[in-house]
Structures are given as C-alpha cells and as structure tokens.
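# Fold and geometry: a report
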Amino acid sequence: MTYEETFATITRLADDLARRGFTKLPAERELAERLNVSRSSIRRALAELEEKGVVHRKRGRTGGAYLTAAESAPDTTFSDEVDPAEGRRVERPLGTVVGVPQMLRSQGFESGTRLLSASYEHPTAEEREYFGLGPDDLIAAIVRIRFADGDSLSLESFRVSATRFPQLLERSLIGSLYELLVEHYGVRPATADEQIRVVSASPRVAAALAVEVGTPLLKVNRNSYDGFGAPVEMSVDYFRADRTVLHVPAQPGNGQEPGAHRLQHRLDTAAYAQRGIAADA
C-alpha cells in the first residue's frame, strides 16, 4: 500500500468513526497491523491529519489520536432513515459467491486481515458427512478477523477438507482464501447455501471484533460448492451489523438467484404439508 493509499484509508476511518460517535483512532501499532504498513507511515499520516484539524494527538497514558468532531451539512433529503450518526457500511451481496477482499475493493475499501489461528483438527460428525471424510481425515481450520479501512468488519471461521486441500495451512493465509484455492488447487466456489440470523456478540466474539458484549451481529453459516456440486467449505462468519448492509438482487418473473430453487422447494414443501394438516382437521 502506498503512502497516499494509507493516508486516504485513515482519513476515511477517522470520518467513519467520528460519525458513529467514537472519539479516538486505534493505536499506531494496531493501525499498522490492520493495514499491513509501517508505523512510520501511520505516524506521517496522523501528523498530516493533525495539520488538517481532523485529529489532535496527546502523549502519555491516555494519549493517542483523538478525533475532531466531523463537520457535515444536515441531511434534509430524508432519502435514508438510518441514523445520520452511523458510518459508511459495506454492502454484502446475497446470491453471489465472492471473497471479502474482492467485495471490499469493489466498494472502495482497503481490506486487512489478522490471522487468529490455523490448525488441523478432527472433523465433527456433520463435517465428516458433508465432506465425505474417513475416520483418519482432518479438517484445515482457519480463524481470521477481517478489516475494512482499518476497522473490524467480521470474524470468520473457515473450514475445508485437508485431504482435498493438502498443505493449505503452509501457504499465506492473509489474502483471499477463495483466490488461494483457485491458484493452488484449481477449485473455485461457484454456489453457496447460506443461513443468516441476527445474534448478540458473545464475550469471545466481542473481544475479537473489539466491540461491546451484546453488540448486534449478522451470523452467516455458509456451505459452498464447486461447479460440479462437490462441497468446498463449511464456514461461519460474524459481521458487525453496524458496518454491514445485506444486498439482495431482485429479478422479474421467475428469475432466481443461486440456491433459490432450494429455498422455494422448502417453502413449497412446507405449504403442501400445511394444506394437508388443514384438510385433515
């Protein structure tokens, strides 16, 4: 990342945090790690922001880069009923299979990753059935935090068959795992089944995402498949609800997104069963 890109990213982060009521930027070391740049670049960017009046820096135990109140014209259009104090959100498309880095780049965010753990584990009974694993096969399990413009976006648990993807954990796990699977194994996730629900952040998840316990999150359980229908991954993601918008494409007529036929089949089955119960009553 060039210095210009670093400065632009921290500028967006400062504005976003100020709009959401935060008073301080993360520490220099934290920003450097999230953006994968040197601390000298962070210091230079903070000094320039201080000159522009965006932040003011303090030294000592309570020091850091404190945010000056973001100045913005009042919204009189009523085009959005979201609280104007909320910051810029990431659109997560439904019905498409895309990695987080690609999704963020397409929306003008800088992506970052922190690897929390990478290990080979014995599969659960559900995973053995899903991946078709034997008693001696292992799962490659990867847990990471994803950042958008230096602020936490999601916590992801990514699990695949270590038999199908040997030596996966010996490779770089900082970038897109989907792109890694394509480059080294010739496997591209083509479709996915997802279940999305709103949950409250547990103490462990809250600590990882640096949010308060009980913060609303979008929990996404995802099973993805390659072009031949073979299972690729079994993952669980926790997206911050205050930073994420779900985007659902709509099509006229009978157009369906990938996986919609499965949902429609379930709905049709449930409706049929309900009619049967009513007829027997």
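Above this text sits the structure in question.
Here is a short report on the structure shown in this document. For clarity, every value in this text was computed on a predicted model and none was experimentally measured.

### A short note on the sheet that holds strand 7 (residues 191–200)
Adjacent strands of a sheet pair through backbone hydrogen bonds, lying either parallel or antiparallel. Strand order in the open sheet made by the six strands is 4-5-6-9-8-7, with antiparallel pairing throughout. Strand pairing shows two members of the sheet lacking a second neighbour, strand 4 (111–121) and strand 7, which therefore form its edges. Ignoring strand direction, the axes of neighbouring strands in this sheet form an average angle of 15°. Relative to strand 5 (residues 139–148), strand 4 runs antiparallel, the two being bridged by ten bridges.

### Some thoughts on the pattern of salt bridges
Scanning all chains against the criterion turns up 20 salt bridges. One salt bridge connects Arg-243 with Asp-16, and the closest N-O pair in it is separated by 3.9 Å. Taken together, the residues Arg-243 in the loop between strand 9 (231–240) and strand 10 (244–247) and Asp-16 in helix 1 (residues 3–19) connect sequence positions 227 residues apart. We note that Arg-243, like Asp-16, is buried. Its salt-bridge partner being Glu-30, residue Arg-114 comes within 2.5 Å of it at the nearest N-O pair. In this pair, Arg-114 sits in strand 4 while Glu-30 sits in helix 2 (residues 28–35), placing the two residues 84 residues apart along the sequence. We classify Arg-114 as buried; its relative accessible area is 18%. The exposure class of Glu-30 is partly exposed, given its relative accessible area of 22%. Each of Arg-92, Glu-194, Arg-222, Glu-233 and Asp-237 takes part in one network of salt bridges that share partners.

### Observations regarding the pairing of strand 6 (residues 151–161)
Burial analysis of strand 6 places ten of its eleven residues in the buried class, which makes it a mostly covered element. Both strand 5 and strand 6 contribute to a ladder of ten bridges, which runs antiparallel. Note on strand 6: the bridge partner recorded for Val-143 is Ser-157. Counting the residues that bridge the hairpin from strand 5 to strand 6 gives two residues, and of these Asp-149 lies at a positive phi of roughly 55°.

### What about unusual backbone geometry?
A positive phi angle, near 55°, is found at Asp-149, a position not held by glycine. Examined against the element boundaries, Asp-149 turns out to sit in the loop between strand 5 and strand 6. Since its relative accessible area comes to 3%, Asp-149 is described here as buried. Of note in the backbone geometry, Gln-167 takes a positive phi value of approximately 60° without being a glycine. Note that Gln-167 resides in the loop between strand 6 and helix 6 (177–185).

### Quick word on helix 3 (residues 39–51)
With 13 residues, helix 3 should cover 18 Å at 1.5 Å per step; its first-to-last C-alpha distance of 18 Å lies within 8% of that length. Along helix 3, the residues that are buried comprise Ile-42, Ala-45, Leu-46 and Leu-49. Angularly, the buried residues of helix 3 cover 100° about the axis, an arc narrow enough to put them on a single face. Looking at helix 3, the residues exposed on the side facing more than 90 degrees away from the buried face are Arg-44 and Glu-51. Check the buried side of helix 3 and you find it contacts helix 1, helix 2, strand 1 (55–58) and strand 2 (64–67). Backbone geometry just downstream of helix 3 places Gly-53 in the positive-phi region, at approximately 85°.

Parameters at a glance
Residues numbered from 1 in each chain as written. Predicted model: local features only at pLDDT ≥ 70, side-chain atom pairs only at ≥ 80, totals over all residues. Heavy atoms only, no water. Pairing = 2+ DSSP bridges. Helix = DSSP H or I, 4+ residues; strand = E, 2+ residues; numbered from the N terminus. Axes fitted to C-alpha atoms, helices over the stretch in contact; angles between N-to-C directions. Salt bridge = Lys/Arg side-chain N within 4 Å of Asp/Glu carboxyl O. Buried < 20%, exposed > 50% of the residue type's maximum accessible area, 1.4 Å probe, protein only. Expected span 1.5 Å × (residues − 1). Arc of directions from axis to C-beta. Contact = heavy atoms within 4.5 Å.

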